[in-house]
Amino acid sequence: MPRPKAPAAPRCPRCGYDQSGAIATFTESCPTTGTCSECGLHFRWRDVFFPDRERIRGFFEHARGFWPSLWAVPRTAWLVARPWAFWKRVQLHMKPRLGRAAVWVLAALLATVLLRGTLGSVDFLMASANPSSGFVTRYWMPLDPSNLGVWEWVWACPPFDARTWYAGGMGLVMWWTDGWVPIVLLATPIWALSFALLPQTRRRAKVKAAHIARAFIYSCAWLSMLLLPWIFQYLVRLAEFAATNTPFPSLFEWARYDPHWLFDVFPLAIAVWLWLAIWWLFAIRRGFRLQHPTAVWFALWVINGLAAMGIWVLAYLIQIRAVIG
Ligand SMILES: [Zn+2]
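Reference entry: report on the structure contained in this document. (Residues numbered from 1 in each chain as written. Predicted model: local features only at pLDDT ≥ 70, side-chain atom pairs only at ≥ 80, totals over all residues. Heavy atoms only, no water.)

1. A few points about the overall build of the protein
1) Next: On a plain count of helices and strands, the protein comes out with 16 helices and two strands.
2) Next: For the protein, buried positions account for 46% of its 325 residues.
3) Next: Partitioning the contacts of the protein with sequence separation of at least 6, the portion at a separation of at least 24 is 69%. (Helix = DSSP H or I, 4+ residues; strand = E, 2+ residues; numbered from the N terminus. Buried < 20%, exposed > 50% of the residue type's maximum accessible area, 1.4 Å probe, protein only. Contact = heavy atoms within 4.5 Å.)

What follows is the structure in C-alpha cells.
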C-alpha cells in the first residue's frame, strides 16, 4: 500500500503528540491503526492523516456557507441536547473549531430569545384583546400595549416571573440566592476546570486544551434550554385559546402551570445540573475516550457537588445579610 500524502506533522488526535517518529518506522506498508506513545490513545491512521476526511451533516462546526450554517443551528442543538449522540459523532480527530462553536452557542441563544419574545408578544397582545382568557400575561400584567414596561418584560426575557421582576430589590436577591442561578452558572466552568486539572486527564491522558474548550463551549447551551419551558408554556396557552370551543383535554391540565412554576425554579436547576453531568460523562467516555471514564467522571461529579453545596451556603449567607441589612 503506498504511503498516503501526509500533512506537515501528523499528530495524535487527543494529546497532539507528533507521530512522525512512528511513521518513520513504516517501511513497506502502513498499518491501519496505531497507539500514541505519549497518551496511549488507540487511533486509526487515516484519522491522523486526514483529520478533515469526515464531515458531520448538520453540525455547525462543519457547515459551509450561510444557509447551511443557519440550518445547522437547530440540527446542532438537537445533537447537543443528546450528549450521547453528540459525543458519538464528534470525535477526537475532528479538529475543534472553537470560534464556530461559540458562534453556534450565541446563535442558538438568539434564536430561542427571538422565538420566546415573539410568542410572548402574541400572548400579550391576545391577552389584552381577550382579558378573560387564560393567557400567560393575563394574571399579573397591566394589559396595556402602550405600557413599555410590559414590552420590556416580554422581550428582555428574564428567566423569572413578572412579580419578581416588578418587585425588584429583595425579590431579585432572593431569586438569585434561592436557587439555581449561581449554582448552574458556576457549575458550567467548574466541570471544565476540574476536568482540565485532574491528574488523570492532565498527566496521563493529556487531553488537548482545545478539546476541553470545545466541551465547555457547547455545555453553555443550557442558557437557551432555560427558555424552553417559557416557549412550551406560551404554546400551551395559545393552543388552549385556539381550542376554546372544545374542552382542553384533561390529559394536558398539568401543562397549564402557573408562571409561578418559574419562580420556584428548583426543578429546572436540577435538570440543568444533571444535563451538565451527563454531558461531561459522555464527553469523557465517548468524546475523549479516557481510561476508567466512569471513575474520572465520578471524581468530577463529587467536586461539583461540593462546589454546589458551597455556593448554596454562600447564597444563603448573602440572603441572610440582605435581610438583616
Ligand atoms: Zn496522544
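So much for the structure itself; the text now carries on.
2. Details of the coordination of the zinc ion
1) Next: The protein atoms donating to the zinc ion are Cys 12 (SG), Cys 15 (SG), Cys 36 (SG) and Cys 39 (SG), with metal-donor distances spanning 2.3 Å.
2) Next: With four donor atoms in place around the zinc ion and angles of 106 to 114° between them, the coordination shape is tetrahedral.
3) Next: Read from N- to C-terminus, the donor residues coordinating the zinc ion fall into the pattern C-x2-C-x20-C-x2-C. With a gap of 24 residues between them, Cys 12 in the segment before helix H1 (20-24) and Cys 36 in the loop between strand E1 (33-35) and strand E2 (42-44) connect regions that are remote in the sequence.
4) Next: The class for Cys 36 is buried, based on a relative accessible area of 2%. (Donors = N, O, S within 2.8 Å, 3.2 Å for Na, K, Ca; no water. Tetrahedral: all angles 85-135°; square planar, octahedral: opposite > 155°, others 65-115°.)

3. Remarks on the layout of surface pockets
1) Next: Roughly 380 Å³ of internal volume is contained in the largest pocket.
2) Next: Taken together, 16 residues form the lining of the largest pocket, with Ala 77, Thr 112, Ser 224, Met 225 and Leu 228 sitting closest to its centre.
3) Next: At the level of elements, helix H3 (66-81), helix H5 (98-129), helix H12 (222-225) and helix H13 (228-242) are the ones that each hand at least two residues to the lining of the largest pocket.
4) Next: Its residues assigned to classes, the lining of the largest pocket comprises 14 nonpolar, two polar and no charged. (1 Å grid on protein atoms, 1.4 Å probe; cavity = no way out; pocket = protein on both sides within 12 Å on 5 of 7 lines; lining within 4 Å. Points joined across faces, edges and corners; volume = space filled by probe spheres on them. Nonpolar A, V, L, I, M, F, W, Y, C, P; charged D, E, K, R; others polar.)

4. Overview of the pattern of salt bridges
1) Next: Enumeration according to the criterion identifies six salt bridges in this entry.
2) Next: For the salt bridge of Asp 47 with Arg 44, the shortest nitrogen-to-oxygen distance reads 2.9 Å.
3) Next: What makes Arg 44 partly exposed here is its relative accessible area of 29%.
4) Next: Its salt-bridge partner being Arg 53, residue Glu 54 comes within 3.6 Å of it at the nearest N-O pair.
5) Next: On the basis of relative accessible area, Glu 54 is assigned to the partly exposed category, the value being 33%.
6) Next: Classification of Arg 53 as partly exposed rests on a relative accessible area of 36%.
7) Next: Several salt bridges share partner residues, and in doing so they unite Arg 44, Asp 47, Arg 53 and Glu 54 into one network. (Salt bridge = Lys/Arg side-chain N within 4 Å of Asp/Glu carboxyl O.)

5. A word on the environment of Trp 301
1) Next: Position of Trp 301 relative to the elements: it lies in helix H16 (residues 293-324).
2) Next: For the pair Trp 301 and Trp 191, spaced 110 residues apart in sequence, the C-alpha to C-alpha distance is 8.1 Å.
3) Next: The residues contacting Trp 301, other than those within four sequence positions of it, are Trp 191, Trp 273 and Ala 277.

6. Looking at the side chain of Asn 304
1) Next: Counting through the fold element by element, Asn 304 comes out in helix H16.
2) Next: On the basis of relative accessibility, which here comes to 1%, the residue Asn 304 falls in the buried class.

7. Section: the packing of aromatic side chains
How two aromatic rings sit relative to each other is given by the distance of their centres and the angle of their planes.
1) Next: Tallied over the entire structure, the rule returns 22 aromatic pairs.
2) Next: When the centroid spacing of 4.9 Å and the interplanar angle of 75° are considered together, the rings of Phe 86 and Trp 87 count as edge-to-face. Each of the two residues, Phe 86 as well as Trp 87, counts as buried.
3) Next: Between Phe 86 and Tyr 218, the ring centres sit 5.0 Å apart and the planes meet at 55°, which makes this aromatic pair tilted. Taken together, the residues span a long stretch of sequence, with Phe 86 in helix H4 (residues 83-89) and Tyr 218 in helix H11 (residues 209-219) at a distance of 132 residues. The two residues Phe 86 and Tyr 218 agree in class, both being buried. (Phe/Tyr/Trp six-rings, centres within 6.5 Å; stacked < 30°, edge-to-face > 60°.)

8. Comments concerning a positive patch on the surface
1) Next: Residues Arg 57, Arg 75, Lys 88, Arg 89, Arg 285 and Arg 286 make up a contiguous surface patch of positive charge.
2) Next: Among the secondary structure elements, those contributing two or more residues to the positive patch are H4 and helix H15 (266-287).
3) Next: Positionally, Arg 285 belongs in helix H15. (Patch = residues over 30% accessible without salt bridge, like charges linked within 9 Å, V, L, I, M, F, W, Y side chains within 5 Å. Areas by Shrake-Rupley, 256 points an atom, 1.4 Å probe, with all protein chains shown as cover. Lys, Arg positive; Asp, Glu negative; His and termini not counted. Charge placed at Lys NZ, Arg CZ, Asp CG, Glu CD.)

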